[in-house]
Amino acid sequence: MTAIKIAPSFLTADFGRLADEVRAVEEAGADCLHIDIMDGHFVPPIALGAVVVAAMRRATKLPLEVHLMVEAPERQVASFAEAGGDLLTIHVEATDDVATVISQIKDLGCQAGVGLSPPTPASTIDSVVADVDQILVMGVNPGWGGQSLIPETFAKLQELRQLLSRRGLTTDIELDGGVKLDNAAACATAGASVLVAGSVVFNDSAPPAQNMAALREALSAAEAKG
């Protein structure tokens, strides 16, 4: 198994110290930074926007993946590309024409990701799976950090990995939500190659660097098996 990528999510970070939080996880070996955008419609909360993406772009050279939990993402992708997003992920549940929005993202010079909420079957993305750079699987109901991983997520990860294998694709599968020290290895074994790490990295128990090191250690068992 190749090394599992860790994408710290800033939903639970200290936004009063945003640049410091970015620097902390960058120095701790984060592979990319995950930025959750919520519009109060696709999901109830409202969180972040293009100005935050632009601020983080100025603070780091790491890839920025922008998770658009918004209705009609075709109206939003240009502003997040301009702000410095490298990979823009849209939800299949949020638009009537996923393929067109994927093309729009790529025309903007960004990588394209597609996201699946817990009730959405893996088969939903069969027609576009060859066109995306990353598949995001929600392990919790989108909108709030700190939730517990939905157990059925493991089966979805396995199904997606099998789908990619049948198609001869090596596309990254990213798991977002519910990642903890005690389940990270199982998530990787089930098929996730990228783990979004929110409250497991940004919490009051330990500094981000220490939490990142603990997560890497938890993943080492799965990586050794591969």
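First, a word on scope: everything that follows refers to the structure included in this document.

About the criteria used
Residues numbered from 1 in each chain as written. Predicted model: local features only at pLDDT ≥ 70, side-chain atom pairs only at ≥ 80, totals over all residues. Heavy atoms only, no water. Pairing = 2+ DSSP bridges. Helix = DSSP H or I, 4+ residues; strand = E, 2+ residues; numbered from the N terminus. Salt bridge = Lys/Arg side-chain N within 4 Å of Asp/Glu carboxyl O. Buried < 20%, exposed > 50% of the residue type's maximum accessible area, 1.4 Å probe, protein only. Disulfide = S-S within 2.5 Å.

Quick look at the sheet that holds strand 4 (residues 64-69)
Strand order in the open sheet formed by nine strands is 1-9-8-7-6-5-4-2-3, and the pairing between neighbours is mixed. Two strands close off the open sheet at either side, each with one partner strand: strand 1 (5-8) and strand 3 (46-47). Bridge count between strand 1 and strand 9 (residues 194-197): four bridges; the pairing is parallel. Across the sheet, Ile6 pairs through a bridge with Leu195, a residue of strand 9.

Some words on the pattern of salt bridges
Note on pairing: side chains with opposite charge can pair once their charged atoms come close. Scanning the entire structure with this criterion turns up six salt bridges. Residue Arg216 is joined to Asp31 by a salt bridge in which the shortest nitrogen-to-oxygen separation is 2.9 Å. In this pair, Arg216 is assigned in helix 7 (residues 208-225) and Asp31 in the loop between helix 1 (18-27) and strand 2 (33-39), connecting sequence segments 185 residues apart. With relative accessibility at 27%, the residue Arg216 sits in the partly exposed group. Looking at Asp31, the relative accessible area reads 31%, which means it is partly exposed. In this structure, the salt-bridge partner of Asp86 is Arg57, at a minimum N-O distance of 2.8 Å. With Asp86 in the loop between helix 3 (77-83) and strand 5 (87-91) and Arg57 in helix 2 (residues 50-59), this residue pair connects regions lying 29 residues apart in the sequence.

Comments concerning the state of the cysteines
For the structure shown, the criterion picks out zero disulfides. There is no disulfide at Cys32, and the cysteine sulfur nearest it, in Cys110, is 14 Å away. Taking relative accessible area as the criterion, Cys32 reaches 9% and is therefore assigned buried. The structure places no disulfide on Cys187, whose sulfur is separated from the nearest cysteine sulfur, that of Cys32, by 16 Å.

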